[in-house]
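# Per-entry structural report
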Amino acid sequence: MELRTLEYFLAVAEEENITRAAERLHLSQPPLTRQMHQLEQELGVALFVRGKRRTTLTREGVFLKRQAEQMLSLAEKTRRQMGQLQGELSGRLYVGGIETAAQAILGPCIAAFQKEHPKVSFSWSSANSDEIAERLDKGLVDVAVLRSPIDEARFCGIPLFTEGWAAFMPQGGALDQATGKNVTVAQLSGFPLIIPGRRGRGREIEGWFAAEGWTPEICCDVNPQFNALVLVEHGMGIAILPASSQASLYGRRIVAKPILQPGAETSVLIALPRRGPLSPLVEAFVEYVKNFVAATKEK
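Residues numbered from 1 in each chain as written. Predicted model: local features only at pLDDT ≥ 70, side-chain atom pairs only at ≥ 80, totals over all residues. Heavy atoms only, no water.

What follows deals with the overall build of the chain. Broken down by element type, the chain carries eleven helices and twelve strands. A compact globule built from 299 residues should have a C-alpha radius of gyration of about 19 Å, whereas the chain, at 24 Å, is more than 25% larger. Pairs at least 24 residues apart make up 72% of the contacts formed inside the chain by residues separated by at least 6 positions. Here the chain displays about 15,400 Å² of accessible surface, and carbon together with sulfur accounts for 52% of that area. Here the chain contributes 34 positively and 33 negatively charged side chains, and the mean placements of these two sets differ by 5 Å. (Helix = DSSP H or I, 4+ residues; strand = E, 2+ residues; numbered from the N terminus. Rg over C-alpha atoms; globule rule 2.2 N^0.38 Å. Contact = heavy atoms within 4.5 Å. Areas by Shrake-Rupley, 256 points an atom, 1.4 Å probe, with all protein chains shown as cover. Lys, Arg positive; Asp, Glu negative; His and termini not counted. Charge placed at Lys NZ, Arg CZ, Asp CG, Glu CD.)

Below, the structure is given as structure tokens:
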């Protein structure tokens, strides 16, 4: 299966019409039709439902479309990374990160790095740690900023900083009035709780309460986790989020108070795939992020 054939397949899938796809590819229709038939024969499945005016994908065709997009993306990224070996940093860097790292780390680093290396461009995506880790494992991002824990069999982690958790509550609400600058697990018991939807996070938070003899009342888990702030504003409950989430309050009538609980911390780290050597561009950006965080700590 050649990459060119996959490019032809994607054109047909996107145009849903052989004639339009051929025009887009600057081909005549018969050779493109033959290429699609040969691809189906090679894979042993029907990829298209061919109508008089519209060509749509079968279930197998939808699957191949997703795979083809990833394969072509990786091929393009590889071509660009090969150019980086020639000297001056250039090419496109694919970066993934958790939402809370976006404003505090990735935004400033990407902007400053690009100014220093104008031939570098970026593709930046944000999601929770599990989703970004999957993209990193598939090669869809080159480097990621995640929260612990990570799968150490697949990734190596470079610690950046550790932070605590905070309870986000309506300003002037019952819990706000009943507590000082901090809150305890005991004070949170009895309130409906909104927590991040990452796998395993619920068990971690339940463990805090179990250690104090309480059972938490978790009413909702959210992804992305900033959706929790919307629910807090609408009076659904108290959100438990990393303390750095305070940067996204943007004048909301919400108060964030650190949770006093031994061991209730979360680590932020750079995650890199264990397979193969890193490109010069990835190495340079990782070093830049490490230096940025170190300088921030010193201030």
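Here we come to a nonpolar patch on the surface. Taken together, the side chains of Met1, Leu3, Leu43, Val45 and Met71 define a hydrophobic patch exposed on the protein surface, amounting to about 380 Å² of accessible area. Looking at where leucine 3 falls in the secondary structure, it is placed in helix α1 (residues 3-15). A residue is classified by how much of its surface remains accessible, and leucine 3, at 37% relative accessible area, is partly exposed. (Patch = residues over 30% accessible without salt bridge, like charges linked within 9 Å, V, L, I, M, F, W, Y side chains within 5 Å. Salt bridge = Lys/Arg side-chain N within 4 Å of Asp/Glu carboxyl O. Buried < 20%, exposed > 50% of the residue type's maximum accessible area, 1.4 Å probe, protein only.)

How two helices sit against one another is set out by the angle between their axes and by the gap between those axes. Running from amino to carboxyl end, α1 crosses helix α2 (residues 18-25) at an angle of 130°, the nearest separation of the two axes being 8 Å. Taken together, the axis directions place α1 and α2 in an arrangement best described as oblique. Here the hand of the crossing between α1 and α2 comes out right-handed. Contacts between α1 and α2 involve Tyr8, Ala11, Val12, Glu14 and Glu15 from the former and Ile18, Arg20, Ala21, Arg24 and Leu25 from the latter. Class assignment for the residues of the contact of α1 with α2 results in six nonpolar, no polar and four charged. (Axes fitted to C-alpha atoms, helices over the stretch in contact; angles between N-to-C directions. Parallel < 35°, antiparallel > 145°, perpendicular 65-115°, else oblique. Left-handed = near helix turned anticlockwise from the far one by under 90°. Nonpolar A, V, L, I, M, F, W, Y, C, P; charged D, E, K, R; others polar.)

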